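# Analysis of the macromolecular model
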Amino acid sequence: MSKPIICARDVCFQYEDSDHLVVDHVSLDVAPGEFVAILGRNGSGKSTFAKLLNALLIPTSGSVEVDGLTATGEDDCFEVRRVCGMVFQNPDNQIVATIVEEDCAFGLENLGVDPAEIRRRVDETLAEVGMSAFAQSSPSMLSGGQKQRVAVAGVLAMRPKIIVFDESTAMLDPVGRRDVFQLAQKLNREEGITIVWITHFMDEAARAGRVVVIDAGRIAMQGTPREVFLQVDRIRALGLDVPEMMQLAAQLRSAGLTALNPSTMTIEEMAEELCRLKSEI
């Protein structure tokens, strides 16, 4: 078994002005190339945990090792962020330049990368995220989904091994949500980039390789999407819900379609199930 690319051990974090732990003794391993979705109700500690992975925050106690690196000081933090990029909820908070290609080049210029290499990476990365046609555009003229693609490009140009998406689709319309999520899937599938996907959309989590549920700063559940979401009562007790297709499957079964698989989670699976049942009539 390969060594984890993320190894969190007994991690605690407490803000200075708080009297309780926001992250409470969390231990979690993430394998290279894995796509892990982290769920939790508002205030559960999932976004704080995401910032610990990217060394934006340092644990109060315990340790977070990212690709063999452990951040304890500013220099360490910088090295961790080169390995583990982060895409935030609001792309306007992440885009710093007035031209798309300049924003994509910003991090590379700060690293002192050779101009010819910057040009090559910017062109390659914008093509990768489907934004080449907007290279000379102002980010302010783009849609929310396009802005988020530019934010991803800025991270991707740094050649990270891991990208943490911290509720990166929360402010987008359904089309933007779909596009950004599919981009993350593509980076994971085709380039082997490890994805940590923080979300409150159950349908996104249903397509991950593993789901981790955080509640009150602790890991409450984890497993494959099917293993987690089939525990409907427990999921709802944690203030979450199941994917829409699982809800629809339950409704159809209650209406008499009892042969329908209750663990149907995605639109594709629902279509297959309905075609199967139709062929058996």
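What comes next concerns the included structure.

## So, the sheet that holds strand S4 (residues 61-66)
Here we have 4 strands laid out as an open sheet, ordered S2-S1-S4-S5, and antiparallel in their pairing. Strand pairing shows two members of the sheet lacking a second neighbour, strand S2 (23-30) and strand S5 (69-70), which therefore form its edges. Relative to S2, strand S1 (residues 6-13) runs antiparallel, the two sharing 5 bridges. For Cys7, the partnering residue across the bridge sits in S2 and is Asp29.

## So, the pairing of strand S9 (residues 210-215)
Burial analysis of S9 places 5 of its 6 residues in the buried class, the great majority of the element. Bridge count between strand S3 (residues 35-39) and S9: 4 bridges; the pairing is parallel. Looking at S9, one finds that Ala37 is bridged to Val211. By the bridge criterion, 5 bridges tie S9 to strand S10 (residues 218-223) in an arrangement that is antiparallel.

## Remarks on the nonpolar core
One finds Ile163, Val213 and Phe229 to be the most contacted residues of the largest nonpolar core, which totals 50 residues. With 6 residues, the top contributor of residues to this core is helix H5 (residues 144-156). When near neighbours in sequence (up to four residues on either side) are disregarded, Phe229 contacts Leu39, Met202, Ala205, Ala206, Val211, Ile235, Asp241, Val242, Pro243, Met246 and Met265. If you look at the next biggest cluster of nonpolar residues, it comprises 31 residues, including Val36, Ile38, Ala55 and Val196.

## Comments concerning the packing of aromatic side chains
Within the structure shown, the criterion is met by 5 aromatic pairs. The interplanar angle of 35° and the centroid separation of 6.3 Å between the aromatic rings of Phe35 and Trp197 together place this pair among those described as tilted. Here Trp197 lies in strand S8 (residues 194-198) and Phe35 lies in strand S3, a separation of 162 residues in the sequence. The same class applies to Phe35 as to Trp197, namely buried. Pairing Phe181 with Trp197 gives two aromatic rings, centres 5.0 Å apart and planes at 80°, and the pair type is edge-to-face. Here Phe181, found in helix H6 (residues 174-191), pairs with Trp197, found in strand S8; they are 16 residues apart in sequence, far enough to count as distant. For the pair Phe181 and Trp197, one class covers both residues: buried.

## What about the sheet that holds S8?
Taken in spatial order, the 6 strands make up an open sheet running S6-S7-S8-S3-S9-S10, and their pairing is mixed. Two strands lie at the open edges of the sheet, namely strand S6 (84-87) and S10, each paired on one side alone. The mean inter-strand angle of the sheet, taken between neighbouring strand axes irrespective of direction, is 20°. As defined by bridge partners, strand S7 (residues 162-166) adjoins S8 across 5 bridges and the pair is classed as parallel. Paired with Val164 across the two strands is Val196, which belongs to S8. On top of the sheet, helix H2 (residues 74-83) reaches S6 and S7; it is set at about 75° to S6, its chief contact. Lying on the sheet, H6 is in contact with S3, S7 and S8; it crosses S8 at an angle near 155°.

## Examining helix H4 (residues 115-128)
Counted at 1.5 Å a residue, the expected span for H4 with its 14 residues is 20 Å, and the 20 Å between its end C-alpha atoms agrees. Those residues of H4 not exposed but buried are Ile118, Arg121, Val122, Thr125, Leu126 and Glu128. Buried positions in H4, seen along its axis, are confined to an arc of 150° and lie on one side of it. At its buried positions, H4 is contacted by helix H3 (100-110), H5 and H6. For H4, the N-terminal cap is Asp114; the gap from its side-chain oxygen to the backbone nitrogen of Ala116 is 3.1 Å. Count one or two residues on from H4 and you reach Gly130, which has phi positive near 75°.

## Thoughts on the state of the cysteines
Overall, the coordinates contain 0 disulfides when judged by the stated rule. For the unlinked cysteine Cys77, the closest cysteine sulfur is that of Cys84, found at 12 Å. For Cys84, a relative accessible area of 0% translates into the label buried.

## Focus: H5
An ideal rise of 1.5 Å per residue puts 18 Å on 13 residues; H5 measures up with 18 Å between its terminal C-alpha atoms. Of all 13 residues that make up H5, 11 are buried, and the element is covered over most of its length. Among the residues of H5, those classed as buried are Gly145, Lys147, Gln148, Arg149, Val150, Ala151, Val152, Ala153, Gly154, Val155 and Leu156.

Definitions and limits used
Residues numbered from 1 in each chain as written. Predicted model: local features only at pLDDT ≥ 70, side-chain atom pairs only at ≥ 80, totals over all residues. Heavy atoms only, no water. Pairing = 2+ DSSP bridges. Helix = DSSP H or I, 4+ residues; strand = E, 2+ residues; numbered from the N terminus. Buried < 20%, exposed > 50% of the residue type's maximum accessible area, 1.4 Å probe, protein only. Core = buried A, V, L, I, M, F, W, Y, C linked by side-chain atoms within 4.5 Å. Contact = heavy atoms within 4.5 Å. Phe/Tyr/Trp six-rings, centres within 6.5 Å; stacked < 30°, edge-to-face > 60°. Axes fitted to C-alpha atoms, helices over the stretch in contact; angles between N-to-C directions. Expected span 1.5 Å × (residues − 1). Arc of directions from axis to C-beta. Polar contact = N/O pair within 3.5 Å; in protein donor to acceptor, adjacent residues only side chain to side chain. Disulfide = S-S within 2.5 Å.

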